[in-house]
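# Coordinate inspection notes
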Amino acid sequence: MRNPPTRPRLRRFAAGLAVPAALLLAALPASAATAGGHPAGAHPAAAHPADAAAGTASVSVDTGTSLATVPATAIGLNASTYDSHVTDAVVPGLVKDAGVGLMRFPGGTESDQYDWQSNTDVLSGATQPTDFDGFIGTASQAGAQPMITVNYGTGDTVGSTRSPQETGAQVAADWVRYANVEHHDHVQYWEIGNEVYGNGTYGAYWEPDEHCGSVPPATSQPDSCGPAVYAQTAAAYIKAMKAVDPTIKVGVVLTAPGSWPDDVTAPGSPQSWNQTVLSALGGAADFADVHWYPQNPSNVTPPGPTDAGLLGDTAQIPGITSTLNAQFQQYAGRNLPIMLTETNSVSSNPGKQTIGVVNALYLIQDYTQWTTSGVANVDWWQLHNGLVANGDNGSELAGTGQYGEYGVLSDGSCDTNTAGTRLCEPTPNTAFPAYYGLKLAGSFLRPGDTIVKASSSAAPVQAYAVKSADGSVKVMLVNDDPATTYSVDLGYTGFTPAAGAPATATLTAPGTGISTGTAGSATAQTLPPYSARLLTVTPAPATPATCKVTYRTGDWATGFTATVTLANTGTAPVNGWTLGFAWAGNQHVDNGWNATWTQTGTKVAAANLSWNATLQPGSTTTLGFNASYSGGNPAPSAFTLNGAACATG
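This one's a predicted model, so the numbers in the text were calculated from it and none came from an experiment.

### Points about the sheet that holds strand β8 (residues 249-253)
Taken in spatial order, the eight strands close into a barrel running β2-β3-β6-β7-β8-β9-β10-β11, and their pairing is parallel. Adjacent strand axes in the sheet meet at a mean angle of 25 degrees when their direction is disregarded. Inspection of the sheet shows strand β2 (residues 75-78) paired to strand β3 (residues 102-105) by three bridges, in the parallel sense. In the sheet register, Asn78 faces β3, and the bridge partner there is Arg104.

The structure is reproduced here in structure tokens:
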């Protein structure tokens, strides 16, 4: 979507590059001006913790309600061919430490004007700082899978330089061959073009597309480059690429519901982009490629970004994914994995919010909400991007920064703002707050973990939880309030936390690092304003069983007799007891002996009689019953004595 800082940035809706800002604004849905309907006002900058107001929140974690499994590709990050720091020695380690499992290349709009073989920009002829092999080296060292966006926009132009001449689809197939057949780079994920709907079809232009007749397209509305043309051409790409390596996964460009140009039509394109593309390609595509930037800058939709609006925007995500899944069924007749290959806070012209703690808090919730909603991959825009001097930098936004930067790491660039002030980033590869948000998200969303239900009673306090394979539970708490410290009480269902202070990783304003250690308890935490805390909570050690139950039956197909032997294996007498268990089938106790037997639903209880009420250590008592059933007669899987689990044998 965006071009390198050393040349005019091709923004999503950029005045002066193709069409006037007023025209672009007219193309946007009315709700875009308030970032999805959130209030335009913003919270003031965070108060000093010592002056912060106090609030309370109750958080519930239900480990028995699973919502999603974290895929290996969940945490993704974009890297661009125009980024000269992709191959810096420190970058793989920083990427790996952030838990990144997938890296996308060659980067936004540049994807549709890039010749991978010569490593040049098709439109300018300039050689790019980072080539494919350099990117693969960094991704490999970081332990991240690569994703490649092939050139749809000017692919035929690239092919015309080959001898013999090729189509854009054949150029893409050559890339697959080079990567997977000749060099064994194991690139599984490929996508066809970037934001192709920005090719002028709907009146806004930022994405080069020679199918429109020219680059940029003619001033009159083109009919030659809409979604039907994309679908037909993409089908040829998929066929050519899979002929080389049939194991690859190829994605196609869709629009995010609620984001421009969702549901927009144009002359020559009477149906929406998604309906047209899915109807034609739903059976051939392996995944849907969508982008989501919830805010637009003030030069497109005044008054521009707000902190409160951004932090509230992730509430839209379940609805977006639900609508996409409904579209898959309606137009393609099948489910498709969703890969969110670009996301950040603002669609263009980034300002101070992007380098502040608010963007870090947003990032954590952005990744978590999408993954909870079943999305296979989320890719932040991006690794490094470059300083933008004239974005939204007003005092109504938190932080002291006076420029914007999409990257999680600095690239050391400088620029001059409209007031004539020279602004410079810190030295290359200095981490911005968004990097620490990414690192915290990567520590939370580990591949294979299960996202479970979590909820908070206080709107500014967001709560998320995952259950790990080792039995621990991780809880992510985010305080979106700039001025209130929250005392948080946590309760768990289906999980008993160990006593003592849990391990914690905490990000607080201004977001320049993560502090680790232990704090509070599994059931009580304190969250400063504008902060996020990751708790790793281990289960309490199981109490050794002080009873043992032996269960034996004699079965006659529609009924059975059961003999139950209860032993006190502890060191203290049991004075009064109730033995409990539950049926897995439809068994029903008809009568019993040596105890008072009751059954409610599938649950059975046997209470002592007066003569066997006391069980001395090492002693046993035998009881039994007759029961009826139909179908299977599985034995109870667990027994309890006065609510405590018993061993079986």
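### A look at the sheet that holds strand β14 (residues 450-456)
With mixed pairing, nine strands are arranged side by side in an open sheet as β19-β18-β21-β16-β15-β14-β1-β17-β20. A strand with exactly one partner marks an edge of an open sheet, and here the two such strands are β19 (514-518) and β20 (524-527). Strand-to-strand twist in this sheet, taken as the mean axis angle between neighbours without regard to direction, amounts to 25 degrees. Note that strand β15 (residues 461-467) and strand β16 (residues 473-479) share seven bridges and pair antiparallel. The residue of β16 that forms the bridge with Ala465 is Val475. Its contacts with the sheet put helix α10 (residues 357-372) on β1 (53-69), β14, β15, β16, β18 (503-508) and β21 (531-537), and the angle it makes with β16 is roughly 135 degrees. Of the strands in this sheet, β15, β16, β18, β19 and β21 touch helix α11 (residues 433-444), which is tilted by about 150 degrees from β16.

### Focus on the packing of helix α9 (residues 317-332) against α10
Closest axis-to-axis distance for the α9/α10 pair is 9 Å, and the angle between their directions is 35 degrees. The crossing of α9 and α10 is right-handed. Note on element contacts: α10 touches α9 through Asp366, Gln369 and Trp370, opposite Ile317, Pro318, Ile320 and Thr321. Of the residues assigned to the contact of α9 with α10, the class counts are four nonpolar, two polar and one charged.

### Structural notes on the packing of helix α6 (residues 227-244) against helix α7 (residues 273-281)
At a minimum axis distance of 9 Å, the contact between α6 and α7 shows a crossing angle of 35 degrees. For the element pair α6 and α7, the recorded crossing hand is right-handed. Packed against α6, whose contacting residues are Pro227, Ala228, Tyr230, Ala231, Ala234, Ala235 and Ile238, the element α7 presents Trp273, Thr276, Val277, Ala280 and Leu281 at the interface.

### Some remarks on the pattern of salt bridges
Counted under the stated rule, the structure contains six salt bridges. A salt bridge links Arg162 to Asp115, with the nearest nitrogen and oxygen atoms 3.0 Å apart. Residue Arg162 is located in the loop between α4 (155-160) and α5 (168-182), and its partner Asp115 is located in strand β4 (residues 114-115); the two are separated by 47 residues in the primary sequence. In this structure, Asp286 and Lys242 form a salt bridge, with 2.6 Å as the shortest nitrogen-oxygen distance. Of this pair, Asp286 sits in the loop between α7 and β9 (287-292) while Lys242 is found in helix α6, placing the two residues 44 residues apart along the sequence. Its relative accessible area of 18% is what places Asp286 among the buried residues.

### Here's the deal with α5
Compared with the 21 Å implied by 1.5 Å per residue over 15 residues, the 20 Å span of α5 between its first and last C-alpha is a close match. Looking only at α5, the buried set comprises Gly168, Ala169, Val171, Ala172, Ala173, Asp174, Trp175, Val176, Tyr178, Ala179 and Asn180. Elements in contact with the buried residues of α5: β4, α3 (132-142), β6 (145-150), α4, β7 (189-192) and α6. His184, located one to two residues past α5, shows a positive phi value of around 55 degrees.

### Considerations on the state of the cysteines
One pass over the structure, following the stated rule, counts three disulfides. Between the sulfur of Cys212 and that of Cys225 lies a disulfide, 2.2 Å long from S to S. On the sign convention where negative is left-handed, the bridge of Cys212 and Cys225, at about 100 degrees about the S-S bond, is right-handed. Taken together, the residues span a long stretch of sequence, with Cys212 in the loop between β7 and α6 and Cys225 in the loop between β7 and α6 at a distance of 13 residues.

### Examining the environment of Pro482
Within the secondary structure layout, Pro482 lies in the loop between β16 and β17 (484-493). Sequence separation between Pro482 and Val589 is 107 residues, and the spatial gap between their C-alpha atoms is 60 Å.

### What to know about the confidence of the model for the protein
On average, residues of the protein score 91 in pLDDT, and 92% of them reach the 70 mark or higher. Low confidence marks residues 1-50, where pLDDT is under 50. Its contacts with residues over four positions away, or in another chain, come to 127 contacts.

### Examining unusual backbone geometry
A cis amide bond links Pro302 with the next residue in sequence, Pro303, at an omega value of 10 degrees. Cis geometry marks the peptide bond from Trp381 to Gln382, where omega comes out at -5 degrees. At Asn594, a residue that is not glycine, the phi angle is positive and equals roughly 65 degrees. Structurally, Asn594 is set in the loop between β26 (588-593) and β27 (596-600). Asn594 gets classed as partly exposed once you look at its relative accessible area, which sits at 26%. A positive phi angle is found at Asn642, which is not glycine, with a value near 55 degrees. Within the secondary structure, Asn642 sits in the loop between β31 (639-641) and β32 (644-645).

### What to know about the nonpolar core
Counting 108 residues, the largest nonpolar core has Trp190 and Tyr230 as its most contacted members. Of all the elements, α10 adds the most residues to this core, at nine residues. Each residue touching Trp190, except ones within four places of it in the same chain, is listed here: Ile148, Val150, Trp175, Val176, Ala179, Asn180, Met241, Ile248, Lys249, Val250, Gly251 and Phe287. Judged by nonpolar contacts, the second largest core, of 25 residues, contains Cys547, Val549, Ala606 and Leu615.

Thresholds applied
- Residue numbering note: each chain is counted from 1, following its sequence as written.
- Owing to the predicted nature of the model, reporting of local features is limited to residues with pLDDT of at least 70; listing and counting of side-chain atom pairs is limited to 80 or more, with chain, interface and lining totals taken over all residues.
- Processing note: side-chain calculations cover all non-hydrogen atoms of the structure and skip hydrogens and water entirely.
- Note on pairing: DSSP must find at least two bridges between two strands before they are called paired.
- Only DSSP runs of H or I with at least four residues qualify as helices, and only runs of E with at least two residues qualify as strands; both kinds are numbered from the N terminus onward.
- To obtain an axis, a line is fitted to C-alpha atoms, over the contacting stretch when the element is a helix, and the angle between two such axes runs from 0 to 180 degrees between their N-to-C directions.
- In what follows, residue pairs with any heavy atoms lying within 4.5 Å of each other are defined as contacts.
- When the near helix sits turned anticlockwise from the far one by under a right angle, the crossing is termed left-handed; a clockwise turn instead gives a right-handed crossing.
- For this classification, the nonpolar set comprises Ala, Val, Leu, Ile, Met, Phe, Trp, Tyr, Cys and Pro, the charged set comprises Asp, Glu, Lys and Arg, and every other residue, Gly included, is treated as polar.
- Whenever Lys or Arg places a side-chain nitrogen within 4 Å of a carboxyl oxygen from Asp or Glu, that contact is recorded as a salt bridge.
- Under the scheme applied here, a residue whose accessible area is under 20% of the maximum for its type counts as buried, over 50% as exposed, and between as partly exposed, the area being computed with a 1.4 Å probe on protein chains only.
- How far a helix is expected to stretch is found by multiplying one less than its residue total by 1.5 Å.
- Two cysteine sulfur atoms make up a disulfide if the distance between them is within 2.5 Å.
- Per residue, pLDDT measures the predictor's confidence, with a range of 0 to 100.
- Among buried residues, the Ala, Val, Leu, Ile, Met, Phe, Trp, Tyr and Cys ones that are joined through side-chain atoms within 4.5 Å form a nonpolar core.

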